[in-house]
Amino acid sequence: MSDPQVPQSSPAEGLADHAWRAVSAITLVTLMLAGMWALEVTDYVVTDDNGANSLDQYGIRAHHVSDLPHIFSAPFLHAGFGHLTANSIPFLLLGFLAAFRGVGKFLLANLIVILVAGAGVWLTGPSDGVTLGASILIFGYFGYLLGRGVFERHLADIGIAVAVAAVYGTMIFGVLPSNPSISWQGHLFGLLGGLLSAWTLRRRRGLPE
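Computed from a predicted model, the values in this text were never measured in an experiment.

Q: Looking at this model, I keep getting lost on the packing of helix α4 (residues 135-151) against helix α6 (residues 184-200). Mind explaining?
A: How two helices sit against one another is set out by the angle between their axes and by the gap between those axes. Axis separation between α4 and α6 bottoms out at 6 Å; the angle between their running directions is 35 degrees. Two packed elements cross with a definite hand, and for α4 against α6 that hand is right-handed. On α6, the residues touching S135, I136, F139, G140, F142, G143, Y144, G147, R148 and F151 of α4 are G186, H187, G190, L191, G194, L195, S197, A198 and W199. The residue inventory of the contact of α4 with α6, partitioned by class, reads 9 nonpolar, 9 polar and 1 charged.

Here it is in structure tokens:
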């Protein structure tokens, strides 16, 4: 008995699929970033002169059990507009590249990164400070894209990984404890979460992506 033939998509269908992936990816990542800006504007409006009511309280304080739910809010909050501005471009670029290869996997990768990085920061971070910021996700996307290049062994993923390493390779130094005002724990565990997500979500042989 002969194996059933899998219908091959036409070049036009393939182009349309890539265009849809690109539109979906940039729309999702832009909405995520817009949400971060909306939160920062809200934080600016509601925070009193003495710092009361600030949304920064929903960042992660290590070893505080009450802050465990903040694992899910910390990556979307920032310590001012300067902090958010610095994170916006790399978040858009790396987020788009990560989402372009599959929005479903991108969403799952976000969850893995948030859980791994949040747990790592909660366990090892400073208990006298608050960790927050999209750099947790940015380092996660960095690790995810590099990991896909290694684990998927797909030409497009390898090309993306090489380009990301060439442009953002110096990010790796951000996992070192060089600046006390920057959470190297968030960077390190974000990167590890990204690598883990690339491994966990890798395409198995014989299964469609």
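Q: Help me out: how do you make sense of unusual backbone geometry in this one?
A: Excluding glycine, most residues fall at negative phi; most peptide bonds, likewise, are trans. Positive phi, close to 70 degrees, is recorded for H63, a residue that is not glycine. Along the chain, the position of H63 falls in the loop between α1 (11-46) and α2 (81-100). The exposure class of H63 is partly exposed, given its relative accessible area of 44%. The phi dihedral of R153 is positive, around 55 degrees, even though this residue is not glycine.

Q: Just checking my understanding: could you explain the environment of K105 for this structure?
A: With respect to the secondary-structure elements, K105 resides in helix α3 (residues 103-124). Spatially, the C-alpha atoms of K105 and T200 are 9.9 Å apart, while their sequence positions differ by 95 residues.

Q: When you look at the pattern of salt bridges in this model, what are you seeing that I'm missing?
A: Pairing is possible between side chains that carry opposite charge, provided their charged atoms lie close to one another. Inspection of the entire model under this criterion finds 4 salt bridges. Close ionic contact of R101 with D157 constitutes a salt bridge, the shortest N to O distance being 2.9 Å. You can see R101 sitting in the loop between α2 and α3 and its partner D157 sitting in helix α5 (residues 155-168), a full 56 residues away along the chain. The partner of D157 in a salt bridge is R148, with the nearest N and O atoms 3.1 Å apart. Here R148 falls in the buried class, since its relative accessible area comes to 1%. Each of R101, R148, E152 and D157 takes part in one network of salt bridges that share partners.

Cut-offs applied
Residues numbered from 1 in each chain as written. Predicted model: local features only at pLDDT ≥ 70, side-chain atom pairs only at ≥ 80, totals over all residues. Heavy atoms only, no water. Axes fitted to C-alpha atoms, helices over the stretch in contact; angles between N-to-C directions. Helix = DSSP H or I, 4+ residues; strand = E, 2+ residues; numbered from the N terminus. Left-handed = near helix turned anticlockwise from the far one by under 90°. Contact = heavy atoms within 4.5 Å. Nonpolar A, V, L, I, M, F, W, Y, C, P; charged D, E, K, R; others polar. Buried < 20%, exposed > 50% of the residue type's maximum accessible area, 1.4 Å probe, protein only. Salt bridge = Lys/Arg side-chain N within 4 Å of Asp/Glu carboxyl O.

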